[in-house]
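Remarks on the overall topology
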Amino acid sequence: MARRALITGITGQDGSYLAEHLLDQGYEVWGLARGQANPRVSRMRKLLSDVQVVRGDLLDQGSLISAVERVQPDEVYNLGAISFVPMSWEQAELTAEVTGMGVLRMLEAIRVCSGVSRGAAAASGQIRFYQASSSEMFGQVTETPQNERTAFHPRSPYGVAKAYGHFLTQNYRESYGMYAVSGILFNHESPRRGAEFVTRKVSLGVARIKLGQATELRLGNLEARRDWGYAGDYVKAMHLMLQTATPEDYVIGTGHMKSVRELVEAAFSAAGLDWERYVVTDQTLHRPAEVDLLCADPKKARTQLGWEPRVAFDELVAMMVESDLRLLTDGGDPDQDSSWP
Ligand code: NAP
Ligand code: F7E
């Protein structure tokens, strides 16, 4: 019988790539989707017609228990979150509820449905749980590069909520013997990235300028540095983490850092444009507390999971710019939820 996976956050960037990867691996894939008329669910259904949908919301404990009871998954991937860092200052409580408490609700749903109690030994055949932890937990970094033992100093309500989910996942593993792991993923991008994140904002901005639809691109802090990889590579690591004999946490990233300025240079040059003629910096786009730099040490994932990123930074940027040029040339509207390259 096919193994069954339940993915929260199925309408997001990672949900789509993970679903495709698991379908390729022969899984029966279920996606948890919220809302009664969510346009992102229709978009997802078009792209991923083999994914079955179960309704539920990370804010609603009962809905998660019902979803787990109905799907009877072998693996649960908790990717659902409010994931845009600036929004976490504007809606801090909601971020805590969805991105933080949502992890508790999902773990409880699994615990209750599997009849697991305190001090129980890890049972074979139990539901395996993956939590989407984030490099934002490192925040103001205490060392570079960051590994699985690096201390956390989150700099946003989002980072704080992710740290709660991270420690809770560890705690359920230790308290209940559950197979629960966190992947500490560094920034990963793709043509399906939300338009609010800097890489996609830049690739769309370049495409609009190239096609004469815009004359400038407004950005915030150009000096921030990130370790950017390709989402299609990173979802493979999520799956590998749930296949090991013992549940452990892993850092996933490329080990290379670039600044936003370097990202901008690469993206404009991919379209044959000089970025300095178009980019305008805007103080209002700076964050109340910035994460200045993040760079992964992915050695554990390489040696224990055999995982390696395949797509390099320049290739990723070119892929995103080309995709947005195609999307806009074909009359697609990236602000409409129906378009998804
Ligand atoms: P994304 O594109 O923003 O997707 C977020 C998903 O969460 C959407 O499917 C959204 O569904 C869902 N969601 C929001 N509120 C929900 C709720 N109340 N109940 C259930 N689902 C809800 O994020 P992503 O880039 O794919 O990232 C996936 C996960 O990895 C997130 O947890 C993110 O925080 C984490 N992460 C991402 C990165 C990265 O660089 N991409 C790095 C580290 C960690 P709707 O369509 O209904 O809004
Ligand atoms: O910002 C700077 C900004 O919003 C990256 C999420 O997936 O990765 C993501 O979080 C950097 C920051 O991603 C603009 O100040 C400059 O330093 O693309 P971002 P993020 O905040 O790093 C982590 C790992 C996650 O877990 C999150 O869910 O770019 N920046 N100018 C800008 N950023 C944005 N968005 N827009 C600008 O105009």
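Here the structure is a predicted model, which means the values were calculated and not measured.

As a further point, take the sheet that holds strand β4 (residues 75-78). Read from one edge of the open sheet, 7 strands run β3-β2-β1-β4-β5-β6-β11, paired in parallel fashion. Looking at which strands have only one partner, the edges of the open sheet turn out to be β3 (52-55) and β11 (250-252). Here the average twist between neighbouring strands, direction ignored, is 25°. Relative to β4, strand β1 (residues 4-8) runs parallel, the two sharing 4 bridges. Within β4, the residue paired with I7 across the bridge is Y77. Those strands touched by helix α5 (residues 92-114) are β1, β4, β5 (128-134) and β6 (179-185), and its axis lies near 170° from that of β5.

With that out of the way, let us pick up the site of ligand 2. Around ligand 2 sit 23 residues, and of these S83, S134, Y158, R287 and E290 come closest. Between ligand 2 and G220 there is a distance of 2.8 Å, counted from a nitrogen atom to a backbone nitrogen or oxygen. Protein contacts shield 95% of the accessible area of ligand 2, which totals 700 Å² for the unbound molecule. Both of domain 1 (4-188 + 229-252) and domain 2 (193-226 + 256-293 + 311-337) provide at least three residues apiece to the shell around ligand 2.

This part is about the packing of helix α1 (residues 13-24) against helix α8 (residues 231-241). Running from amino to carboxyl end, α1 crosses α8 at an angle of 65°, the nearest separation of the two axes being 9 Å. In this structure, the crossing between α1 and α8 has a hand that is right-handed. Contacts between α1 and α8 involve Q13, D14, Y17, L18, H21 and L22 on the former and, on the latter, A231, G232, V235, K236, M238 and H239. Classifying every residue of the contact of α1 with α8 gives 6 nonpolar, 4 polar and 2 charged.

The alternating pattern of β4 places E75 and Y77 and V76 and N78 on opposite faces, both of which are buried. Two strands pair when backbone bridges link them, and β4 and β5 are joined in this way by 4 bridges, in the parallel orientation. What sits directly across from Y77, in β5, is Y130.

It is worth spelling out helix α9 (residues 260-270) at this point. Of all the positions in α9, only V260, L263, V264, A266, A267 and F268 are classed as buried. Looking at the buried positions of α9, the neighbouring elements they touch are α7 (198-210), β8 (217-219), β12 (258-259), β13 (279-281) and α11 (313-329). Taken from the residues just after α9, G272 is the one with a positive phi, measuring 70°.

The next thing to look at is the site of ligand 1. Among the 26 residues in the neighbourhood of ligand 1, the closest are listed as T11, R34, R40, S83 and Y158. The backbone of D14 places a nitrogen or oxygen atom 2.8 Å from an oxygen atom of ligand 1. In this structure, D57 approaches ligand 1 through a side-chain N or O atom, which is 2.8 Å from a nitrogen atom. Protein burial of ligand 1: of its 900 Å² of free accessible surface, 92% is covered by the chains. Those elements giving two or more residues to the shell around ligand 1 turn out to be α1, β5 and α6 (157-176). Looking at which element gives the most residues to the shell around ligand 1, the answer is β5, with 3 residues. Classifying every residue of the shell around ligand 1 by side-chain character gives 9 nonpolar, 11 polar and 6 charged.

Any empty space left between atoms is shown by rolling a water-sized probe over those atoms. Within the structure shown, the criterion is met by 1 cavity of 30 Å³ or more. Considering only enclosed or pocket space, the largest cavity measures out at about 50 Å³ in volume. Together, T199, V202, S203, W228, L263, A267, F313, L316, V317, M320 and V321 line the largest cavity. No other element matches the 5 residues that α11 contributes to the lining of the largest cavity. Considering only residue class, the lining of the largest cavity consists of 9 nonpolar, 2 polar and no charged.

Now for the nonpolar core. Counting residues in hydrophobic clusters, the biggest one holds 39 residues, and the most contacted among them are I7, Y77, Y130, M241 and I252. The element that contributes the greatest number of residues to this core is α8, accounting for 6 residues. In terms of domain composition, this core takes at least three residues from each of domain 1 (4-188 + 229-252) and domain 2 (193-226 + 256-293 + 311-337). With sequence-adjacent residues up to four places away left out, Y77 is seen in contact with A5, L6, I7, T8, L18, L22, Y130, M238, H239, L242 and Q243.

Tracing the backbone shows Q126 in the loop between α5 and β5. Side-chain polar atoms of Q126 contact the backbone oxygen of G177, separated by 3.4 Å. In contact with Q126, not counting residues within four places along its chain, are D74, G177, M178 and Y179.

So, about the packing of aromatic side chains. Using the criterion set out here, one finds 10 aromatic pairs in the structure. Ring centres of Y77 and Y130 lie 5.9 Å apart, and the angle between their planes is 40°; this geometry places the pair in the tilted category. On the criterion of sequence distance, the pair formed by Y77 in strand β4 and Y130 in strand β5 is long-range, its members being 53 residues apart. No difference in accessibility class separates Y77 from Y130, as the two residues are buried. A centroid spacing of 5.4 Å and a plane angle of 90° characterise the contact between Y234 and W307, whose relative ring orientation is edge-to-face. You can see Y234 sitting in helix α8 and its partner W307 sitting in the loop between α10 (299-305) and α11, a full 73 residues away along the chain. For W307, a relative accessible area of 4% puts it in the buried group. Taken together, F138, F152, F167 and F186 form an aromatic cluster joined through their ring pairs. The aromatic ring of Y250 is capped on one face by K300, whose charged end is 4.6 Å from the ring centroid.

Rules behind the numbers
Residues numbered from 1 in each chain as written. Chains lettered and ligands numbered in written order. Predicted model: local features only at pLDDT ≥ 70, side-chain atom pairs only at ≥ 80, totals over all residues. Heavy atoms only, no water. Pairing = 2+ DSSP bridges. Helix = DSSP H or I, 4+ residues; strand = E, 2+ residues; numbered from the N terminus. Axes fitted to C-alpha atoms, helices over the stretch in contact; angles between N-to-C directions. Contact = heavy atoms within 4.5 Å. Near = heavy atom within 4 Å. Polar contact = N/O pair within 3.5 Å; in protein donor to acceptor, adjacent residues only side chain to side chain. Areas by Shrake-Rupley, 256 points an atom, 1.4 Å probe, with all protein chains shown as cover. Domains from an automatic or database assignment. Left-handed = near helix turned anticlockwise from the far one by under 90°. Nonpolar A, V, L, I, M, F, W, Y, C, P; charged D, E, K, R; others polar. Buried < 20%, exposed > 50% of the residue type's maximum accessible area, 1.4 Å probe, protein only. 1 Å grid on protein atoms, 1.4 Å probe; cavity = no way out; pocket = protein on both sides within 12 Å on 5 of 7 lines; lining within 4 Å. Points joined across faces, edges and corners; volume = space filled by probe spheres on them. Core = buried A, V, L, I, M, F, W, Y, C linked by side-chain atoms within 4.5 Å. Phe/Tyr/Trp six-rings, centres within 6.5 Å; stacked < 30°, edge-to-face > 60°. Lys NZ or Arg CZ within 6 Å of the ring centre and 35° of its normal.

Geometry only, nothing functional implied.
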